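# Observations on the model geometry
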Amino acid sequence: MTRVRPADLQKGHFEDVLILKVEERRFAVCRTPLGYFVVHDCCPHRRVQLTRWGRLKEPAIVQCTAHGCQFDLKTGERSDSSGQGCLRLDLVHVDTDEDELILEL
Ligand code: FES
């Protein structure tokens with residue numbers, strides 16, 4: 001398990017998608033009105049970094065602005081209508097403890 005404080009994380013290209021680096025691995029921490037969601041920092045469409053290309057849409061959708069694919073942060077599934085054939089986001093289970101996130105990495 002890894003504990004992190006969101007306030008300590010570096011912002012990605014878009015404000016509410018934060019960067020978490022753990023050793024060689026990189027994650028996107030998404031701050032949404034429904035809480036924090038953490039995914040591997042990789043769009044399943046063409047493998048670009050979500051911390052560079054991902055922006056949040058309400059309530060818990062991340063859109064990769066490289067080609068417009070949208071993903072539900074609760075399930076990892078693609079949520080826009082043309083989503084056939086695209087893999088899902090690689091989700092990380094996250095719990096909160098006061099001002100820290102507890103990640104199962
Ligand atoms: S690489 Fe993300 S939508 Fe294409």
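What counts and how
Residues numbered from 1 in each chain as written. Predicted model: local features only at pLDDT ≥ 70, side-chain atom pairs only at ≥ 80, totals over all residues. Helix = DSSP H or I, 4+ residues; strand = E, 2+ residues; numbered from the N terminus. Rg over C-alpha atoms; globule rule 2.2 N^0.38 Å. Buried ≥ 20, exposed ≤ 12 C-beta atoms within 10 Å, placed from the backbone. Contact = placed C-beta atoms within 7 Å. Pairing = 2+ DSSP bridges. Axes fitted to C-alpha atoms, helices over the stretch in contact; angles between N-to-C directions. Core = buried A, V, L, I, M, F, W, Y, C linked by C-beta atoms within 7 Å.

## Remarks on the overall build of the protein chain
Counting secondary structure elements, the protein chain contains 1 helix and 11 strands. Starting at the N terminus and walking to the C terminus, you meet the elements of the protein chain as β-β-β-β-β-α-β-β-β-β-β-β. Against the compact-globule benchmark of 13 Å for 105 residues, the protein chain has a radius of gyration of 13 Å, which places it among compact chains. Here the C-alpha coordinates of the protein chain stretch approximately 40 × 25 × 25 Å along the principal axes. Within the span of the protein chain, comprising 105 residues, buried residues form 27% of the whole. When contacts within the protein chain are restricted to residue pairs at least 6 apart in sequence, long-range pairs at least 24 apart make up 38% of them.

## Here we look at the sheet that holds strand β7 (residues 61-64)
Strands sit in the order β6-β7-β8 across an open sheet of 3 strands; the sheet is antiparallel. Two strands lie at the open edges of the sheet, namely β6 (54-57) and β8 (70-72), each paired on one side alone. The average angle at which neighbouring strand axes cross in this sheet is 30°, direction not considered. Two elements, β7 and β8, share 3 bridges in a ladder whose sense is antiparallel. Its bridge partner being in β8, Ile 61 is matched across the sheet by Asp 72.

## Quick look at the nonpolar core
In terms of nonpolar packing, the biggest core is built from 22 residues, with Ala 28, Val 29, Cys 30, Val 39 and Leu 50 touching the most fellow members. At the level of secondary structure, the elements contributing two or more residues to this core comprise β3 (17-22), β4 (25-32), β5 (35-40), α1 (50-53) and β7. Considering every element that reaches this core, the biggest residue donor is β4, with 4 residues. With sequence-adjacent residues up to four places away left out, Cys 30 is seen in contact with Asp 16, Val 17, Tyr 36, Phe 37, Leu 56, Val 62 and Leu 73.

## A look at the sheet that holds strand β10 (residues 94-97)
Strand order in the open sheet formed by 3 strands is β1-β11-β10, and the pairing between neighbours is antiparallel. Strands with a single pairing partner mark the edges of an open sheet, and in this sheet they are β1 (2-4) and β10. In this sheet, adjacent strand axes meet at a mean angle of 25° when their direction is disregarded.

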